[in-house]
Amino acid sequence: MSQKGVEKPLEEYEKVRCPICMEHPHQAILLLCSSHDKGCRPYICDTGRNHSNCFSMFRNTRKKLLCPLCRGKVHDWTVDARAQHFMNHKSRTCANGTCTFSGSYMDLEHHVRMVHPSDVGPSGSDGPVSENVWMDLENYLNQLNLSHR
């Protein structure tokens, strides 16, 4: 909802792109920057490790978070559920460089697990202990992602 309590038309989300990967943001979050009151609305992907988690990369590469659109200071972030729902249904491409798959966020999540399982987690030569550790880590991080939303 806007500050006056009126919802934005969904068409406004049509042109939104993640400033990192330039796709409709997966599991989009809205960065709250110093120019938010002036209309700056940087939505960014906040997915798990199976996809290009732009927000995680953005946070981990900078000590001081600056808005990728206006360069103002980022002081927080939030989930705009309506925008997130809309953008999760938009078509996006697979991050695997040679793959031509395109589909919604849910379709992409399924595609990665089924078609590119070796791209996620330890390789078969790492052995069963590494696979168990990976599964434990993946479950733990998924729980963290869910508790942050």
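Residues numbered from 1 in each chain as written. Predicted model: local features only at pLDDT ≥ 70, side-chain atom pairs only at ≥ 80, totals over all residues. Heavy atoms only, no water.

Our next topic: the confidence of the model for the chain. For the chain, per-residue confidence averages 78 on the pLDDT scale, and residues scoring 70 or more make up 70% of the total. Mean pLDDT across the elements of the chain bottoms out in helix α5 (residues 127-148) (59) and peaks in strand β1 (residues 29-33) (95). Note on residues 122-126: pLDDT is under 50 here. Beyond four places in sequence and across chains, it has 4 contacts. (pLDDT = per-residue confidence, 0-100. Helix = DSSP H or I, 4+ residues; strand = E, 2+ residues; numbered from the N terminus. Contact = heavy atoms within 4.5 Å.)

Phi at M22 is positive, roughly 65°, even though this residue is not glycine. As for its placement among the helices and strands, M22 is situated in the loop between α1 (11-14) and β1. When its relative accessible area of 55% is taken as the criterion, M22 is described as exposed. (Buried < 20%, exposed > 50% of the residue type's maximum accessible area, 1.4 Å probe, protein only.)

What follows is about helix α4 (residues 105-115). The set of residues buried in α4 consists of Y105, L108, H111 and V112. An end-on view of α4 places all buried positions within 115° of arc, on one side of the element. In α4, the exposed positions that point more than 90 degrees away from the buried face belong to M106, H110 and M114. Looking at the buried side of α4, the elements it contacts are α3 (81-88), β4 (92-93) and β5 (102-103). (Arc of directions from axis to C-beta.)

In this section: the sheet that holds β1. Adjacent strands of a sheet form backbone hydrogen bonds with each other and so pair up, either parallel or antiparallel. Spatial ordering of the open sheet is given by β2-β1-β3, a layout of 3 strands whose pairing is antiparallel. Here the strands that pair on one side only, and so sit at the sheet edges, are β2 (43-44) and β3 (74-78). Where β1 and β3 come together, 4 bridges link them in antiparallel fashion. Along β3, the bridge assignment pairs L30 with T78. (Pairing = 2+ DSSP bridges.)

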